[in-house]
Amino acid sequence: MISMIWAPVLHLYQPPTQFPKVLRQIAEESYVPLVSFLARNPGAKITLNINASLTEQLHRFGYDDLLRGIRKLVQAGQVELLGSAAYHPLLPRLPFSEMTRQIKLNEEINRRFLGEIYQPRGFFPPELAYSPRVGKVLFELGYEWVLVESCFGPREPVLFDRVYELSGQELLVFYRHKDVSLAIAFGRVKTADEVLTLSQKSLKEEDYLLTAMDGETFGHHWKDGFSLLSDLFSRFKTVLVSELPSRYPRREKTDPLESTWAATFEDCRKGNVYPRWDNPGSPLHPKQWELFNLAISVVGRAGDKGRGRKLLDKALHSDQFWWASHNPHWHLGMVARGLKLLVAAITATPGVQVDECKRARSLQKEILEEGIKLYGETPII
C-alpha cells in the first residue's frame, strides 16, 4: 500500500443538448461501470460531482438504478457529492443573479432525483472556472470549500501539506494537482507506480494528492481506464476531500487567479483564461457571446415571466463554445443545438423587441454559415 493519501475527484456531466444515443453510450461505458466498481470495492472513496443537467437526463432515459446506486454509495460513506451549476455555465461570465440561480437550481434538481442525502459541502465550478466573484457567491450560499485549478507561478507552487483559505471569506480552497490529473486523464500513466513516481516529483510522502478530471475519462474517453483506476484504488489510501481539513490542520490564506482547467498559469496571467470558450482569435466565439449576452439581457428584463426563463437556464451551458472552438474539436450539431436554445429563450420571452429577435436569428445564421465554411459539417472529435 502506498503511504501517500489520494483524494480523487470525478466530474460527471452531459450538456442539455446532448444527443440521446451519445448519452446512453457514455452511461453504459462509463457511469454504470464506475458505480458498479465502487460498489464492489467498499474501501474506495471518491468525491463526485454530477451536474443536474446529467441527473435529469439519466432519469429521463431510464437510469434510475444508477442514481439509486450513487445514493447508496453516499449513504455508505464512500462518495461525497459536490455542488455545482445546474447546466454547466462558465460562472465568472454570469451576472450574480444568474450565478446564484444556477447553483440553487442544481441543488433543487439533484435533491429531487438523489434525495435529501444530497447535502454538498464542497463546490465544483464547471470547467473549474473560478473568479473572486464566484468565491463571494459560494461563501454567501454557505459552501465550505471550492475546488480550483492550480494556476500558481513557478515561484509560488501549490503546497499539499496544508489547506488554503480565501483571504476575504471563510471559504476553504483546494487546488487540484494539475500534472498528475492530466497524466491520468490522457492515459500518460498506466499504473499506480507510475502515478506515484510522477507525484513524487512535486509532493512529499506526507502530502496529499488531489486529482480532478472528467468521470467520462474511464471507459468512454479511455477504454482501458478502469484497469488503472482499479490499480490506483488498490494501492493508494483514498479519502473524501471534505476529510482533508481535519487531517491537515495547517491553514494558509490564498487569492486564486481567475482561471479554468484549460488554462496555464501564463494564460491566466495574460488574461487568456478561457482559451476554448472565449478565444480572441476565434471567428465564432465573439458572435456566440453576443447572442449569449443578448439572451441574458432579454430574459433578465422580463424577470421570471414566460417560457424563455427556463429555456435560458439550459441555454447557458459552456459546451456550445467548446465545440465551436476548433481547438481541436468541432461539432456543428452541438453548436447548432446551443444556438437554437439561446434564440428560443429570446423569442419566447414576453416583451422582447422585434430588432432583438432579428439580431438573434441573424447571429444564429452567421455563426452556422461561417462555421460550415471554415470547418465543414463533419464533426471533429
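Colleague: Would you mind going over the layout of surface pockets with me for this structure?
Modeller: Rolled over the atoms, a probe as big as a water molecule pinpoints where empty space is left. Considering only enclosed or pocket space, the largest pocket measures out at about 1,200 Å³ in volume. Every residue lining the largest pocket is counted, 34 residues in all, and those nearest its centre are Asp214, His221, Trp322, Trp323 and His329. The dominant element in the lining of the largest pocket, judged by the number of residues it contributes, is helix H6 (residues 178-185), at 4 residues. Residue composition of the lining of the largest pocket, grouped by class: 17 nonpolar, 10 polar and 7 charged.

Colleague: Please clarify how empty space enclosed by the protein should be interpreted in this entry.
Modeller: Summed over the entire model, instances satisfying the criterion amount to 1 cavity of 30 Å³ or more. In this structure, the largest cavity encloses a volume near 50 Å³. What lines the largest cavity is simply Trp6, Pro8, Val9, Leu10, Ile46, Ile184, Thr211, Met213, Phe218, Leu229, Leu232 and Phe233. Every element with two or more residues in the lining of the largest cavity is listed here: strand E1 (2-12), strand E8 (208-214) and helix H8 (225-235). When residues of the lining of the largest cavity are assigned to their parent elements, the largest contribution, 4 residues, is made by E1. In terms of residue class, the lining of the largest cavity is made up of 11 nonpolar, 1 polar and no charged.

Colleague: Where do I start with the nonpolar core in this structure?
Modeller: Counting residues in each nonpolar core, the largest one holds 128 residues, and the members touching the most others are Leu58 and Phe236. Of all the elements, helix H14 (residues 332-347) adds the most residues to this core, at 9 residues.

Colleague: I keep staring at the pattern of salt bridges and nothing clicks. Help me out?
Modeller: Opposite charge on two side chains permits pairing when their charged atoms draw close. Under the definition given, this model contains 26 salt bridges. Note that arginine 359 and glutamate 366 form a salt bridge whose closest N and O atoms lie 3.7 Å from each other. By relative accessible area, glutamate 366 is classed as partly exposed at 27%.

Colleague: How do you make sense of the sheet that holds strand E4 (residues 122-123) when you look at a structure like this?
Modeller: Spatially, the 5 strands line up as an open sheet ordered E4-E5-E7-E6-E10, and their pairing is mixed. Taken across any chain shown, the strands that pair with only one partner, and hence form the sheet edges, are E4 and strand E10 (251-254). Relative to strand E7 (residues 172-175), strand E6 (residues 163-166) is paired through 2 bridges, and the arrangement is antiparallel. Looking at E7, one finds that glutamate 165 is bridged to leucine 172.

Colleague: I'm lost on helix H3 (residues 64-75) in this one. Help?
Modeller: Residues spaced three or four apart along an α-helix face the same direction, because each turn holds 3.6 residues. In this model, H3 (12 residues) spans 16 Å end to end at C-alpha, consistent with the 16 Å of a helix rising 1.5 Å per residue. Within H3, burial applies to Leu66, Leu67, Gly69, Ile70, Leu73 and Val74. The arc that holds every buried residue of H3, seen down its axis, measures 155°, which confines them to one face. Residues of H3 that are exposed and point over 90 degrees away from its buried face: Asp65, Lys72 and Gln75. For H3, the secondary structure elements touched by its buried residues are helix H1 (20-40), strand E2 (46-50), helix H2 (52-60), strand E3 (79-81) and helix H4 (96-114). Two residues or fewer past H3, glycine 77 is found with a positive phi of approximately 85°.

Colleague: Hey, could you run me through H14 in this one?
Modeller: Between the first and last C-alpha of H14 there are 22 Å, a value that for 16 residues agrees with the 22 Å anticipated at 1.5 Å per step. Among the residues of H14, Leu332, Met334, Val335, Gly338, Leu339, Leu341, Leu342, Val343, Ala345 and Ile346 are the ones counted as buried.

Colleague: Is there a simple way to explain the packing of H14 against helix H15 (residues 354-375) in this structure?
Modeller: Between two packed helices, both the angle of their axes relative to each other and the distance between the axes serve to describe the pair. Look at H14 against H15: their axes get within 9 Å of each other, and the N-to-C directions meet at 175°. Relative to H15, H14 is oriented roughly antiparallel. Between H14, through Leu332, Val335, Ala336, Leu339, Lys340, Val343, Ile346 and Thr347, and H15, the contact on the second element is made entirely by Glu356, Cys357, Ala360, Arg361, Gln364, Ile367, Leu368 and Ile372.

Colleague: I tried to follow the pairing of E2 on my own but got confused; where do I start?
Modeller: Taken residue by residue, a regular strand's side chains alternate between the two faces of the sheet. Burial analysis of E2 places 5 of its 5 residues in the buried class, which makes it a mostly covered element. Residues Ile46, Leu48 and Ile50 line one face of E2 and the alternating positions Thr47 and Asn49 line the opposite face, and both faces are buried. Two strands pair when backbone bridges link them, and E1 and E2 are joined in this way by 4 bridges, in the parallel orientation. Its bridge partner lying in E2, leucine 10 is registered against leucine 48.

Colleague: Explanation requested: the packing of helix H11 (residues 285-302) against H14 in the structure shown.
Modeller: One way to put it is that H11 packs onto H14 with a least axis distance of 8 Å and a crossing angle of 30°. Taken together, H11 and H14 sit at an angle that is classed as roughly parallel. Here H11 runs over H14; the crossing is left-handed. Note on element contacts: H14 touches H11 through Val335, Leu339, Leu342, Val343, Ala345 and Ile346, opposite Gln288, Leu291, Phe292, Leu294, Ala295, Val298 and Val299.

Colleague: Would you explain unusual backbone geometry in this entry?
Modeller: The peptide bond linking asparagine 327 to proline 328 adopts the cis configuration, its omega dihedral lying at 0°. The backbone of glutamate 127 sits at a positive phi, close to 60°, despite the residue not being glycine. Within the secondary structure, glutamate 127 sits in the loop between E4 and helix H5 (132-140). By relative accessible area, which is 9% here, glutamate 127 ends up buried. For histidine 326, which is not a glycine, the phi torsion comes out positive at approximately 55°. Along the chain, histidine 326 falls in the loop between helix H13 (319-324) and H14.

About the thresholds
Residues numbered from 1 in each chain as written. Predicted model: local features only at pLDDT ≥ 70, side-chain atom pairs only at ≥ 80, totals over all residues. Heavy atoms only, no water. 1 Å grid on protein atoms, 1.4 Å probe; cavity = no way out; pocket = protein on both sides within 12 Å on 5 of 7 lines; lining within 4 Å. Points joined across faces, edges and corners; volume = space filled by probe spheres on them. Helix = DSSP H or I, 4+ residues; strand = E, 2+ residues; numbered from the N terminus. Nonpolar A, V, L, I, M, F, W, Y, C, P; charged D, E, K, R; others polar. Core = buried A, V, L, I, M, F, W, Y, C linked by side-chain atoms within 4.5 Å. Buried < 20%, exposed > 50% of the residue type's maximum accessible area, 1.4 Å probe, protein only. Salt bridge = Lys/Arg side-chain N within 4 Å of Asp/Glu carboxyl O. Pairing = 2+ DSSP bridges. Expected span 1.5 Å × (residues − 1). Arc of directions from axis to C-beta. Contact = heavy atoms within 4.5 Å. Axes fitted to C-alpha atoms, helices over the stretch in contact; angles between N-to-C directions. Parallel < 35°, antiparallel > 145°, perpendicular 65-115°, else oblique. Left-handed = near helix turned anticlockwise from the far one by under 90°.

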